[in-house]
Amino acid sequence: MIQSVFQPDDTPIVKLENITKRFRTSRGDLLACNDITVQVDKGISLGVVGESGSGKSTLIKTLQLLERPTKGNVWIGGQNVTLYSEKRLKPFRRRIQFVAQDPYSSLFPNMTIAQNISEPLYVHGISDKKERRDKAAELMELVGISLSYFHSFPHELSGGQQQRVAIARALALSPEVLVLDEAVSSLDVSIQAQILNLLQRLKKDLGLTYIFISHNLAVIRLMCEQLAVMYLGRVVEQGNSDEVFRNPLHPYTRSLIAAIPAFTNNGVTPLPSESLLGGNRPSATDLPKGCAYQTRCPFATEICFREEPKLEAMGNGSLVACHNAMSASDNA
Amino acid sequence: MAPLLEISNLSVRFHSDKAEVFAVNGLDLSLDTGKAIAIVGESGSGKSTVMMAVMRLLQSNASITGQVKLDGTDVLQLPEKAMRRLRGKEMAMVFQNAGSSMNPTKTIGDQMIEPMLFHHMASARDARQVAVKLLHQVGIPDPEERLNNYPFEFSGGQLQRVMIAMALIADPKLLIADEPTTALDVTVQAEVLILLKKLQRERGMGLVFVTHDLAVAAQVADDIYVMYGGFVMERIAASELTTHLVHPYLRGLVQSIPKIDGPRTELPYIPGQPISITGGLPDGCVFASRCDKRFVKCHERPRHISISQQHSVSCWLAEGGVEQA
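Residues numbered from 1 in each chain as written. Chains lettered and ligands numbered in written order. Predicted model: local features only at pLDDT ≥ 70, side-chain atom pairs only at ≥ 80, totals over all residues.

What follows is about the overall build of chain B. Summing up its helical and strand segments, chain B has eleven helices and twelve strands in all. Computed over C-alpha atoms, the radius of gyration of chain B comes to 21 Å, within 12% of the 20 Å expected from 2.2 N^0.38 for 325 residues, which places it in the range of a compact globule. When the backbone C-alpha atoms are referred to their principal axes, chain B occupies close to 65 × 50 × 45 Å. Looking at chain B as a whole, 47% of its 325 residues qualify as buried. In chain B, 63% of the contacts between residues at least 6 apart in sequence involve partners at least 24 apart. (Helix = DSSP H or I, 4+ residues; strand = E, 2+ residues; numbered from the N terminus. Rg over C-alpha atoms; globule rule 2.2 N^0.38 Å. Buried ≥ 20, exposed ≤ 12 C-beta atoms within 10 Å, placed from the backbone. Contact = placed C-beta atoms within 7 Å.)

Here's what the structure looks like:
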């Protein structure tokens, strides 16, 4: 393992501070992230949920500085790296690694499994050829791929095995944080369970922290201690994931949880009887004044059309951005 | 009453240069009018092939045997011309990716009206009215105007609604939905599922829902058929899915799905890889090589053992009574 020499242990590994990201489009400015503040502490994995277009991907791209924010700061290990040049960023990149949704298209088809896994070491120039080979073998063992695949190419492996390779590659630089973007969504359920088990084991054994994007709330709950719910570029609810599931306070979180088909200890959640998500979602290039959820919210009152709600701490420790969070929770 | 759709002993094989693919192997299925069933399976289990065979939309390298009776008519015996009259009229299909199932160069209106003209159901002007009404029913705002839009002008969820409207245009008795919500956001998925379920109830249609998601299947269907390696492993009422399941495969599958209120521990999983149906099938049970309960008898292919009217299992364990574990 590579020791972190950067900071004492209680500084957050990554911190996003008032991040705003605006994209120029032909239809006007698109506000992908709007004043988002999130921090990831060591050992406290963060799950991010939200519909497509809610800004999840922009958030994690900004967090890895693959996109620079329009406003706000990105802190990695206590240093403000927002404006660092690529060259100065390189050592920081090692600490946050990424696993994409589709394992096949994220691996190099023309490289063997071992080459794929050791490529990050080559890019960062931190070992010689033999060391890289040994490291690849070690990582293959760690993620449960038989060494007989050492010289195989990605297309010769099944989807589950390819995802193991992608995870092994992400671990090559001994990162502190793994960003997993729908990393198990394209796998069949029986294979998905194997990958989830692997991720749980790695989290414990290597002391990894995850930032997990998934539409599968049960997966998020399994892997993450913290949960952030996004809607149209804003974090609308954030808190301990058990608490948010038990006691969702934002009307959007509520309808999101209700909308998701899931297994519970008492069978399968029923199909909601009528559409909980009535109303149209406004376009991200033309957001209404006030709360972005006003068009679909059954509890919207006059203030929601006027003023944008700020994230505020609730009694249960969750942060919620809703003018009527309390009364909404009473009515449900 | 005779079932709306009755499939007996359906087998589908694909011939290619390299090998034969045993996609579906002796499948029985029945669906009553006004009911919904789900066919659930992992990739390669043959779930989509079954319904493509019912619609007779498989490629020419497929050989199909068995019977598929729709309202008493064996559709596998019909000449192609008669089949064209049936397709879209008596039975219709909704596919996974609405965007790629539509003609990008024609407006939604043109595409909706076409089948009505083909089946001689209405004049062009009436057909337009029907299209407007249907779009309204599936929850597209301003249907009159939207008819003049092209597919790319709709969002994914809306396009799926348009496709459902298209499928309903001839008022079919049977609607087949093949992973209609897989490409959609969860919230949009819920909306589309609610819509499908509502339309099915209101119109008294039979609905076949093909999906890889057991939870979705349980939400939408009355009966669930679980497929593996081209065989139905278990047929079970949706309400009994988690309580009365018998087959070790289904048990393994359900246990491997994380529960939203479950413990944060490792998940039980089915070891090994899904069976390859290319080249040939094992003599015995197709699941035996991954099954932790296998015993001597599994060398013989299990027959379908009936447990109750709505519940049957292809597993020797079910012989001689079922123990609930």
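When helices and strands are tallied, chain A shows eleven helices and 14 strands. Relative to the compact-globule value of 20 Å for 332 residues, chain A shows a C-alpha radius of gyration of 21 Å, a close match. The dimensions of chain A, computed from C-alpha atoms along their principal axes, are 65 × 50 × 40 Å. Looking at chain A as a whole, 47% of its 332 residues qualify as buried. Nonlocal contacts in chain A, meaning residues at least 24 apart in sequence, comprise 63% of its contacts between residues at least 6 apart.

Now for the domain arrangement of chain A. Where the parts come together, the accessible area they lose is often given as the size of the interface. When its domains are assigned, chain A resolves into domain 1 (14-95 + 176-191 + 204-331) and domain 2 (108-174). For the side of domain 1 of chain A that touches domain 2 of chain A, the residue count by class is four nonpolar, one polar and one charged. (Domains from an automatic or database assignment. Nonpolar A, V, L, I, M, F, W, Y, C, P; charged D, E, K, R; others polar.)

Moving on, we get to unusual backbone geometry. All names here are of chain A. Residues other than glycine seldom take positive phi values, yet Ser 174 does so here, at roughly 50°. Looking at where Ser 174 falls in the secondary structure, it is placed in the loop between α6 (159-171) and β7 (177-181). The partly exposed category is assigned to Ser 174, around which 15 C-beta atoms lie within 10 Å.

A few words on the interface of chain A and chain B. Counting residues at the interface gives 35 residues for chain A, matched by 35 residues for chain B. Only α7 (189-206), α8 (217-223), α10 (251-259), β11 (263-264) and β12 (267-268) of chain A provide two or more residues apiece to the side of chain A that touches chain B. Here the side of chain A that touches chain B takes seven residues from α7 of chain A, the largest share from any one element. For the side of chain A that touches chain B, a count of residues per class yields 19 nonpolar, twelve polar and four charged.

As a further point, take helix α5 (residues 129-143) of chain A. Compared with the 21 Å implied by 1.5 Å per residue over 15 residues, the 21 Å span of α5 of chain A between its first and last C-alpha is a close match. Elements that come into contact with the buried residues of α5 of chain A comprise α4 (113-123), α6 and α7 of chain A. (Expected span 1.5 Å × (residues − 1).)

All names here are of chain B. Within the secondary structure layout, Arg 290 lies in the loop between α11 (248-256) and β11 (305-308). On the basis of neighbour count, Arg 290 is assigned to the partly exposed category, with 18 C-beta atoms found within 10 Å. Sequence-distant contacts of Arg 290, defined by excluding residues within four places in its chain, comprise Ile 270, Pro 271 and Gly 272.

Bringing the domain arrangement of chain B into the picture now. Residue and element names in this part refer to chain B. The domains assigned to chain B are domain 1 (5-90 + 172-318) and domain 2 (98-171). Placing the centre of domain 1 and that of domain 2 at their C-alpha centroids yields a distance of 29 Å. Facing 13 residues of domain 1, the contacting portion of domain 2 comprises 13 residues. At six residues, the largest contribution of residues to the side of domain 1 that touches domain 2 is made by helix α8 (residues 186-203). Considering only residue class, the side of domain 1 that touches domain 2 consists of ten nonpolar, one polar and two charged.

Val 229 of chain A together with Val 162, Phe 209, Ala 217 and Ile 224 of chain B are the most contacted members of the largest nonpolar core, which has 198 residues in total. The residues touching Phe 209 of chain B, leaving out its near neighbours within four places in the chain, are Ala 36, Ala 38, Ala 177, Ala 217, Val 220 and Ala 221 of chain B. (Core = buried A, V, L, I, M, F, W, Y, C linked by C-beta atoms within 7 Å.)

Attention now goes to the pairing of strand β1 (residues 14-25) of chain A. As a general feature of sheets, a regular strand has side chains that alternate between the two faces. Residues and elements named next belong to chain A. For β1 and strand β4 (residues 71-76), the ladder comprises five bridges, and the chain directions are antiparallel. In the strand pairing of β4, Lys 15 is matched with Trp 75. Bridging between β1 and strand β2 (residues 28-40) involves nine bridges; their strand directions are antiparallel. Across the sheet, residue Arg 22 finds its bridge partner in β2, namely Leu 31. Count of turn residues in the β1/β2 antiparallel hairpin: two residues. (Pairing = 2+ DSSP bridges.)

Right, let's talk about the environment of Gln 238 of chain A for a bit. Residues and elements named next belong to chain A. Relative to the elements of secondary structure, Gln 238 occurs in strand β10 (residues 234-240). Residues Gln 238 and Glu 312, 74 residues apart in the sequence, show an inter-C-alpha distance of 9.7 Å. Setting aside its immediate chain neighbours within four residues, Gln 238 contacts Leu 227, Ala 228, Leu 311, Ser 318 and Leu 319.

The subject of this paragraph is the sheet that holds strand β3 (residues 36-40) of chain B. All names here are of chain B. What the eight strands build is an open sheet, ordered β6-β7-β8-β3-β9-β10-β12-β11; its pairing is mixed. Looking at strand neighbours, the two that pair on one side only are β6 (91-94) and β11, the edges of this open sheet. The mean inter-strand angle of the sheet, taken between neighbouring strand axes irrespective of direction, is 20°. The sheet contact formed by strand β10 (residues 231-237) and strand β12 (residues 311-313) spans two bridges and is antiparallel. Residue pairing in the sheet places Glu 234 in a bridge with Val 313 of β12. (Axes fitted to C-alpha atoms, helices over the stretch in contact; angles between N-to-C directions.)

A separate point is the sheet that holds strand β4 (residues 62-70) of chain B. All names here are of chain B. What the four strands build is an open sheet, ordered β2-β1-β4-β5; its pairing is antiparallel. Only two strands of the sheet have a single neighbouring strand rather than two, namely β2 (20-31) and β5 (73-74). Summarising the sheet, β4 and β5 pair through two bridges and their orientation is antiparallel. Residue pairing in the sheet places Lys 69 in a bridge with Asp 74 of β5. Contacts from helix α1 (residues 47-54) reach β1 (5-15), β2 and β4 within the one sheet, and its direction differs from that of β2 by about 70°.

Residue and element names in this part refer to chain B. With respect to the element layout, Leu 70 can be found in strand β4. The exposure class of Leu 70 is buried, given the 21 C-beta atoms found within 10 Å. Remark: the alpha-carbon pair of Leu 70 and Ser 30, spanning 40 residues in sequence, is separated by 10.0 Å. Ignoring anything within four residues of it in the chain, the contact list for Leu 70 reads Leu 5, Val 75, Glu 90, Met 91 and Leu 174.

Here we come to the packing of α4 of chain A against α6 of chain A. All names here are of chain A. Put simply, α4 and α6 touch, their axes get as near as 7 Å, and they point 30° apart. By the angle between their axes, α4 is roughly parallel relative to α6. Crossing of α4 over α6 shows right-handed handedness. Mapping the contact onto sequence places Ile 113, Asn 116, Ile 117, Glu 119 and Pro 120 in α4 and Val 165, Ala 168 and Arg 169 in α6. In terms of residue class, the contact of α4 with α6 is made up of five nonpolar, one polar and two charged. (Parallel < 35°, antiparallel > 145°, perpendicular 65-115°, else oblique. Left-handed = near helix turned anticlockwise from the far one by under 90°.)

Relative orientation of the contacting elements α10 of chain A and α8 of chain B amounts to 60°, with a least axis distance of 9 Å. Overall, the two elements α10 of chain A and α8 of chain B adopt an arrangement that is oblique. The two elements α10 of chain A and α8 of chain B meet at a crossing, and its hand is left-handed. Residues Ser 255, Leu 256 and Ala 259 of chain A of α10 of chain A lie in contact with α8 of chain B, whose contacting residues are Val 186, Thr 187 and Ala 190 of chain B.

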